[in-house]
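Architecture at a glance
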Amino acid sequence: MANGIIIIDKPADWTSMDVCAKLRGILKTKKVGHAGTLDPMATGVLPVFVGQATRGVSFAESGDKEYLAVLRLGLVTNTQDTSGQALHRTEELPDRAALEAVLPRFTGEISQLPPMYSAIKIGGKKLYELARQGKEVERRPRPVTIHALELVEQTAPGDYVLRVRCSKGTYVRTLCHDIGQALGCGGCMAALRRTMAAGFTLSDAVTLEQVQAEGETLLRPVDSLFRDRPAYVLPTPWAVARCRNGNPVSVSEPLPEGEYRVYDPEGDFLCLSRLEGGVLTSIKNFFGA
């Protein structure tokens, strides 16, 4: 069975689940999941996990992400992007300097009200399902972190490309909407391309056409997800046996505390573990992944 991670450059008009369904067919396996949903209009980095590598999805979802987004000023829609119904238009647009002046207000920890057109569940119903029925329900603002927000270029009188580096749970279209509100003209998102997720970038991504042609050869090993952690090789068969049985392993070497990729002497990746007080304790096992 296929196991590993594949970084897809998601095409426009595909849902993230559409991509997973396509890969199930190509790779002939049912166990496929993605990390970090992209809206259909969005393109770019979508990490997809296959086989036993799906154990790593939660680690990929929790990381920071980076986007190039087109902010369109002077247009407000019900979906906060250009795919929705127009609610407000104006030709009276602020200049570039005004936009640059307001961006620092949206950097750091900010509060976002989740949009109605989102997959968040309230009362067991996804918000977008309620929105399509013409319903609007009360939502609570959520804290998110915008680590970096940069104006890259202006491409039209009201269109600006923004580079956004943000935490899990950030809605970039809501960010565009809120910036427009702050400027008094309204705004929405006209395009979105994810350039980084789970530490993978567009240079790591492949197209669905490439996967169709090359198949499993494009799968990355699951430990590539944790490549920023140091590696530790268990020194004895006894230590390997303890690890495979889910037991803590004592480490005699004076190593820094923290998370480690743990391998057996043959180089097989076993688990992500935490070293504390001279003891390695498994965080997540990947035996055979």
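As a starting point, this report considers the structure included with it. (Residues numbered from 1 in each chain as written. Predicted model: local features only at pLDDT ≥ 70, side-chain atom pairs only at ≥ 80, totals over all residues. Heavy atoms only, no water.)

**Remarks on the nonpolar core**
Under the convention used in this document: The term nonpolar core refers to a set of buried residues drawn from Ala, Val, Leu, Ile, Met, Phe, Trp, Tyr and Cys, joined through side-chain atoms within 4.5 Å. The cut-offs for exposure are 20% and 50% of the maximum accessible area for each residue type, with area from a 1.4 Å probe on protein chains only; residues under the lower value are buried, those over the upper are exposed, and the others partly exposed. In what follows, residue pairs with any heavy atoms lying within 4.5 Å of each other are defined as contacts.
Ranked by size, the top nonpolar core spans 44 residues in total, and within it I6, I8, L23, V48, L99, L149 and I179 carry the most contacts. Apart from the residues within four sequence positions on either side, L149 is in contact with L103, F106, T107, L162, R163, V164, L175 and I179. Core analysis: the second largest hydrophobic core is formed by 19 residues, A35, V45, A197 and L272 among them.

**Some points on helix 7 (residues 237–244)**
Since the α-helix packs 3.6 residues into each turn, any two residues three or four apart lie on the same face. As a reminder, the rule being used: Each helix is a run of DSSP H or I of at least 4 residues and each strand a run of E of at least 2, with the numbering of both proceeding from the N terminus. The directions from the helix axis to the C-beta atoms form the arc being described.
Within helix 7, the full set of buried residues consists of A239, V240 and C243. One face of helix 7 carries all of its buried residues, which in axial projection span an arc of 100°. For helix 7, the exposed residues set more than 90 degrees away from the buried face come down to P237 and W238. Packing partners of the buried residues in helix 7 comprise strand 15 (249–250) and strand 17 (269–276). Phi turns positive, to about 80°, at G246, one or two residues after helix 7.

**Here's the deal with the pairing of strand 12 (residues 187–197)**
Regular strands place their side chains on alternate faces of the sheet. Keep this limit in mind: At least two bridges found by DSSP between two strands are what make those strands a pair.
Burial analysis of strand 12 places nine of its 11 residues in the buried class, the great majority of the element. Pairing geometry for strand 3 (residues 43–50) and strand 12, over two bridges, is parallel. Bridging across to strand 12, T43 finds its partner in R193. With nine bridges joining them, strand 4 (residues 65–73) and strand 12 adopt antiparallel strand pairing. Counterpart to R72 in the pairing with strand 12 is C188. Where strand 12 lies against strand 13 (residues 200–201), two bridges are found, and the strand directions are antiparallel. Directly across from M196, in strand 13, lies its bridge partner T201.

**Some details on helix 1 (residues 16–27)**
Quick reminder of the rule: Multiplying 1.5 Å by the helix residue count minus one yields the expected span of that helix.
The terminal C-alpha atoms of helix 1, which comprises 12 residues, lie 16 Å apart, in line with the 16 Å expected from a rise of 1.5 Å per residue. Within helix 1, the full set of buried residues consists of S16, V19, C20, L23, I26 and L27. Seen along its axis, helix 1 keeps its buried residues to an arc of 125°; they face one direction. At the C-terminal side of helix 1, K28 shows a positive phi close to 55°.

**Considerations on the pattern of salt bridges**
Note the cut-off: The salt bridge definition used is simple: a Lys or Arg side-chain nitrogen within 4 Å of an Asp or Glu carboxyl oxygen.
The final tally for this structure, using the stated rule, is 11 salt bridges. Residue D9 is joined to R193 by a salt bridge in which the shortest nitrogen-to-oxygen separation is 2.8 Å. Of this pair, D9 sits in strand 1 (residues 4–10) while R193 sits in strand 12, and the two are 184 residues apart along the sequence. A salt bridge links D264 to R244; the shortest N-O distance between them is 3.9 Å. You can see D264 sitting in the loop between strand 16 (258–263) and strand 17 and its partner R244 sitting in helix 7, a full 20 residues away along the chain. Owing to a relative accessible area of 5%, D264 belongs among the buried residues under this scheme. Three or more residues are tied together by salt bridges with common partners; here these are D228, R229, E259 and R274.

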